[in-house]
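Commentary on secondary and tertiary structure
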Amino acid sequence: QAELVESGGGLVQAGGSLRLSCKVHGILLSSGVASWYRQAPGKMRDLVATVVPDGSATYADSVKGRFTISRDNVNNMVYLQMNNLKPEDTAVYYCKIVTVFTGQNFWGQGTQVTISS
C-alpha cells in the first residue's frame with residue numbers, strides 16, 4: 001500500500017520562499033507521474049505542477065517562473081520549490097502520484113501553506 005507524506009509547509013511573508021517535500025512509500029517513484037495540487041478554502045483543488053518520469057515538468061500559469069517541481073527517484077522524493085510567494089498562494093498543498101503502468105492514484109494528507117501580506 002502506497003503512502004505519501006508531505007512536509008515543509010508553514011507561514012511566510014509575501015515575497016518569501018518555501019520548499020515542500022513529499023516522501024513516497026510503498027511504490028517506486030521512478031514509474032510514476034508526480035504532481036502537486038493545492039486547495040484554498042472554499043475552492044476546488046487545482047493542479048499546480050507535474051513532473052513525469054524523465055523529469056519534464058509543466059506548471060499552472062499562476063506559478064510559472066516562481067515554482068519549480070523536481071523529483072529524486074533514488075530517494076523516492078518529490079519537491080516543490082516556491083519562490084516569490086503571494087497571499088493568493090495560501091492553500092493546503094497535496095502531493096499526488098499516478099503509476100504509469102496501472103493508473104492508480106495516490107494522495108498525501110496535505111501540508112498548509114499560508115502567505116501573509
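Being a predicted model, the structure only gives us computed values, none of them experimental. (Residues numbered from 1 in each chain as written. Predicted model: local features only at pLDDT ≥ 70, side-chain atom pairs only at ≥ 80, totals over all residues. Heavy atoms only, no water.)

Time to look at the overall build of the chain. Of regular secondary structure, the chain possesses zero helices and 11 strands. Ordered by position from N to C terminus, the α and β elements of the chain give β-β-β-β-β-β-β-β-β-β-β. Its C-alpha atoms give the chain a radius of gyration of 13 Å, near enough to 13 Å, the size a compact globule of 117 residues would have. C-alpha extents for the chain along the principal axes are approximately 45 × 25 × 25 Å. Across the 117 residues of the chain, 41% fall into the buried class. Sequence separation of at least 24 residues holds for 55% of the intrachain contacts in the chain that already meet a minimum separation of 6. By element, 51% of the accessible surface of the chain is carried by carbon and sulfur atoms, the whole surface being about 6,000 Å². With 10 positive and 8 negative side-chain charges, the chain shows a spacing of 2 Å between the two charge centroids. (Helix = DSSP H or I, 4+ residues; strand = E, 2+ residues; numbered from the N terminus. Rg over C-alpha atoms; globule rule 2.2 N^0.38 Å. Buried < 20%, exposed > 50% of the residue type's maximum accessible area, 1.4 Å probe, protein only. Contact = heavy atoms within 4.5 Å. Areas by Shrake-Rupley, 256 points an atom, 1.4 Å probe, with all protein chains shown as cover. Lys, Arg positive; Asp, Glu negative; His and termini not counted. Charge placed at Lys NZ, Arg CZ, Asp CG, Glu CD.)

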